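Structure at a glance
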Amino acid sequence: MTSKDNGTGNLLEIRGLKTYFFTEDGVVKAVDGLDLEVARGETLGVVGESGCGKSVTMFSVMRLVGHPGRVVDGEIMFDGQNLLDLSEREMQQLRGNRISMIFQQPLSSLNPVFRIGDQVAEVFEIHQSISRDEARQKAVEMLRLVGIPDAERRAQAFPHEISGGQAQRVMIAMALSTQPELLIADEPTTALDVTIQAQILDLMRDMRDRSNAAIVFITHDLGVVAEMAERVAVMYAGQIVEYTDVQSIYDRPKHPYTVGLLASIPKLGEKKHRLAVIPGTVPALVDLPPGCRFAGRCIPRVEQELAICTEVDPDLLSVGEDHQVRCWLYHDHPPTGHEAPLATGRADEEAALRWAGTGD
Amino acid sequence: MTVAELAFQEELAAPQEESQAQAVWRRFRRHRLAMIGLTIAVLLVFACFIGPLLTPFDSNTIRGRDLLLLKDLPPLSTGPDGFHILGTDSLGRDYLTRLLQGGRVSLALAFVVVILTQVVGTIVGGISGYYGGWVDAVLMRIVDFLFTLPSLPIFMVLYVLIPKDAVPGGSITVLALVFITLGWTGSSRLVRGMVLSLKNQEFAEAARAVGASNRRIILRHMIPNAIAPVLVAATLQVGGIVVGEAALSYLGFGVQPPDPSWGNMLQGAQKLILTRPMQVFYPGMTIFLTSLSFNFIGDALRDALDPRGQLSAGH
Amino acid sequence: MTAYLIRRMLQMVIVLIISSITIYMLLNLAPGGPFDQLRTMSDRKSRVSEEQIDKMEALLGLNKPIQMRYIAWLLGDDWMGSINPEWEGDTRGVLRGDFGDSFRQKRPVMDMIRDRIPKTVALTAISALLAMIVAIPVGIYSAVRQYSRADYVLTFFTFMGVAIPSFWFGLMSIIIFAQLFQSWGLPALPSGGWESLRTPREGTLLGVLGAEPGSFLDVGVHLILPIVVLSLLQMAGWTRYMRTSMLEVLQQDYVRTARAKGLAERFVVAKHALRNALIPLVTIVTYELPFIFGGTILIEQVFGIPGMGLLYIDALSGFDFPVTQAYLLITAVLTVIATLLSDVLYTVVDPRIRLH
């Protein structure tokens, strides 16, 4: 599987990430065996419903997963270093510096008792040994860069005095102050009006072109993904179910969940009697039943009368050039004799290799 | 409908596993301290209401005897009337019986007061929230002010002003009335908040949008939810009233001797502090245990009824 | 802001007027005046005649209609001669600093208050300060180390502190630190009072320190127990409050942002979280000051400290209305001021709140 690779290897490589939450009601497997790559300068979109684990994955990268959750397994390689092996202090040196993150609710993500200029300046104070005045000046410049009008004066404002769109600009300013190599954007436009959303996306594209930062763009909005991302990972219930470039996702979606997501976007001019909907709800991530996690909502499974879906959990395997799917429609399972109804040649090979020697 | 959709309908129609009440009890049970508190509270209530009936002593009567010969006996001693587990007080009365009897007074008072203040508070809060406008503004101003006033001096002066013989039940009834005059403010705020959120425009619109027949369902959900914070407040208040009554009786503005109350027993005990310090320990300990257990229960109840903290009313 | 303050002041004045009317009417209309007993006995074997009672009443200014008596209380009756010569008296009224004369002690209430108020204020203020100094860091620690053993232990103690009756706690502490210490041969603390009445005994803490009766040290040692008791009780509630506030703040998005910026955890807590967590605490502390003031009644009774609390108890038991009125009025004023202060402080510390 290839990805746009501008330098020596990927900037971010996640292998077998498992992040579990140990709650009173049981263990919630929020992320259960996730592999992901982001090359330098590349924009990856991570798509999924609320609760699918997309945010938790990125919090795991930042090592900001709070009690009762923790990373139980896996590797997170950033520029060749496993982030999970670093000390907290080393991690703090990376955060806000080489890896930045912006969040969903910009207004509540800013501290209400500090002025916004000071909050941006704080990033400089933490990571660069410059004076407070210098930091303040740089902060004003950043605010100007992200399109805050009258930046010098606005820097004195408190968060409750600015709008949501402006707040997100401030967050972007904070995140990009130190020219990070990786920017993680966790649903940055979800809480904003559509017109503001367009402005923020423009801004992000602009900043990306200037800085050549890699971006992981988390969203549930496929339209936003189409605008921003080069590659897409579709997540469901803690796993990636489809992983390919953005064009393929729209032209050749494979996984029934992806198909369902795309179908549920109403298009102007299309006549339909009812909104297409994926029946059922996301399963609780505690006490998951065996088999594919999407099985309970999967129409093709019912139509094709596939029994394996409720028995064995499929792996993420290739179905073509740079396109991976986690679905029994596309992969054989030799131990049970299941043959993929929609298989292509390549998938068979990998499947055979995978299951050779397991004997179960 | 496709085959698939039919299949899903079945799965979705699966019945819920536990009722709301069971869920609440399950969450409550997780709090060990609250379970201990519950046990202690039940034991205390049982002991205080049934106990005095079981002991051979009377808490008040001093047998016709030469008063100069009466003195306090230490625990586990035998006096002219029998074996005293906790000894006697300075007038020869069995201490344990007095302790239990006093508990009866303190606990009964607390329960009655709590019920009445919740009722009064609910009515006031309901009126205030429902009518709104200047009625609401005035009532809430009053509530705010009364709420901030230090209660102890007010209770004391009210107690002094109400003549004990004008009311049946004497000092105990006066005490109850006194507590009610200030105690209703807390629940009135809570209930007002509930009523306001019920009156909320968005909610009414949503009810109509979902279909008016659902109004009954919504009410069936809203009312149990509205009861929750009131129940928690009431539980916590029981502990508060027990301590409050004890404080007033200790100062002499509550239950009057010879009727025993944990508070006035402490007052008597203070005089004996040099010779019989344990007499200070017992009534205070019972007050403390009662207050503590109801606090634990109330806190756990709050957690069990509302684990996500959605219903906590503001200050 | 000034418009708001003026509006609040006006409201305060109205509230105080209503309170003062309520206080005065409540006390003076209810049965149980200072001469009721004498009156009922005057027709029996008493040596006091009706006329003598009337005269005593006139001296105390009780021969006016109730409204005038109320006005006299507030504004004095030394000017009332022009309206009705019988009403002329010699009080200047509360608003001119004269609370009248005590029925029982026959001296100006103001004098009695002047003696006692500093003691109660000292108790209240020092314990509040001590409580805050401890509650804030302990609450923070408990919140930051949530689920740790220290947190559970501290939370347990705060539960105890909130539930324990103050007077019992006081009495038990006297038993332990004054009496038992003595029998164990440890330097015992005094069992009550404001200062020593004679040279302290050997073996007590005062004896060991060699404190002169009436000296600062003497008073200080006497106040150790009451202040510690009062502050521990207050501390319990405030620690809990600080912990809850801190826990809530630590869940907020902006704390996550601070961490995502690479800020070390101790700065996240000390700079970003603390500032926000303190906001509700500041207002609660101010709000509760009248309560602490009222609560000293119990502590003064337990430890025998001659402050406003004991004064009030005596006055109530003896139906000494001028003193009772004075105490209640002072309480009402304190309450109203505390509420105003609390609201104003809130706007000062929270930039989101700006009052119009």
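Criteria and cut-off values
Residues numbered from 1 in each chain as written. Chains lettered and ligands numbered in written order. Predicted model: local features only at pLDDT ≥ 70, side-chain atom pairs only at ≥ 80, totals over all residues. Heavy atoms only, no water. Helix = DSSP H or I, 4+ residues; strand = E, 2+ residues; numbered from the N terminus. Rg over C-alpha atoms; globule rule 2.2 N^0.38 Å. Buried < 20%, exposed > 50% of the residue type's maximum accessible area, 1.4 Å probe, protein only. Lys, Arg positive; Asp, Glu negative; His and termini not counted. Charge placed at Lys NZ, Arg CZ, Asp CG, Glu CD. Core = buried A, V, L, I, M, F, W, Y, C linked by side-chain atoms within 4.5 Å. Contact = heavy atoms within 4.5 Å. Pairing = 2+ DSSP bridges. Axes fitted to C-alpha atoms, helices over the stretch in contact; angles between N-to-C directions. Patch = residues over 30% accessible without salt bridge, like charges linked within 9 Å, V, L, I, M, F, W, Y side chains within 5 Å. Areas by Shrake-Rupley, 256 points an atom, 1.4 Å probe, with all protein chains shown as cover. Salt bridge = Lys/Arg side-chain N within 4 Å of Asp/Glu carboxyl O.

All right, on to the overall build of chain C then. Regarding its fold elements, chain C presents 13 helices and zero strands. Relative to the globule expectation of 21 Å for 356 residues, the C-alpha radius of gyration of chain C, 26 Å, shows a markedly less compact shape. Considered along the principal axes of its C-alpha atoms, chain C spans approximately 85 × 65 × 35 Å. Residues counted as buried form 49% of the 356 residues belonging to chain C. For chain C, the centre of its 31 positive side-chain charges and the centre of its 29 negative side-chain charges are spaced 11 Å apart.

To continue, consider the nonpolar core. Where a protein is soluble and globular, its nonpolar side chains tend to be buried together. Residues B:M156, B:L251, B:F253 and B:V280 are the most contacted members of the largest nonpolar core, which totals 124 residues. Ignoring any residue separated from it by four or fewer positions in sequence, one finds B:V280 in contact with B:L266, B:A269, B:Q270, B:I273, C:W168, C:L171, C:M172 and C:I175. Among the nonpolar cores identified, the runner-up in size contains 76 residues, and A:V56, A:M91, A:L183 and A:M228 belong to it.

Along helix α10 (residues 253-260) of chain C, the residues that are buried comprise C:Y254, C:V255, C:T257, C:A258 and C:A260. For α10(C), the elements touching its buried residues are α1 (54-62) and α6 (164-176) of chain A together with α9 (216-250) and α11 (265-303) of chain C. Immediately downstream of α10(C), the backbone of C:G262 shows phi near 95°, a positive value.

This part takes up the sheet that holds strand β9 (residues 231-236) of chain A. Residues and elements named next belong to chain A. Across the sheet, eight strands lie side by side as β6-β7-β8-β3-β9-β10-β12-β11; this open sheet has mixed pairing. Of all strands in the sheet, those bounded by a partner on one side alone are β6 (99-102) and β11 (317-320). Taking the axes of each pair of neighbouring strands and ignoring which way they run, one obtains an average angle of 20° across the sheet. Where α6 meets the sheet, it contacts β6 and β7 (182-186), and its direction lies at approximately 170° from that of β6.

Residues B:I115, B:V119, B:I123, B:I127, B:Y130 and B:Y131 make up a contiguous nonpolar surface patch of roughly 650 Å² in combined accessible area. Relative to the assigned elements, B:I115 resides in helix α4 (residues 95-131).

This brings us to the sheet that holds strand β1 (residues 12-23) of chain A. Backbone-to-backbone hydrogen bonds join strands into a sheet, with any given pair of strands oriented parallel or antiparallel. All names here are of chain A. Strand order in the open sheet formed by four strands is β2-β1-β4-β5, and the pairing between neighbours is antiparallel. Each edge of the open sheet carries a strand with a single partner, namely β2 (26-38) and β5 (81-82). Two strands pair when backbone bridges link them, and strand β4 (residues 69-78) and β5 are joined in this way by two bridges, in the antiparallel orientation. By the bridge assignment for β5, F78 is matched with Q81.

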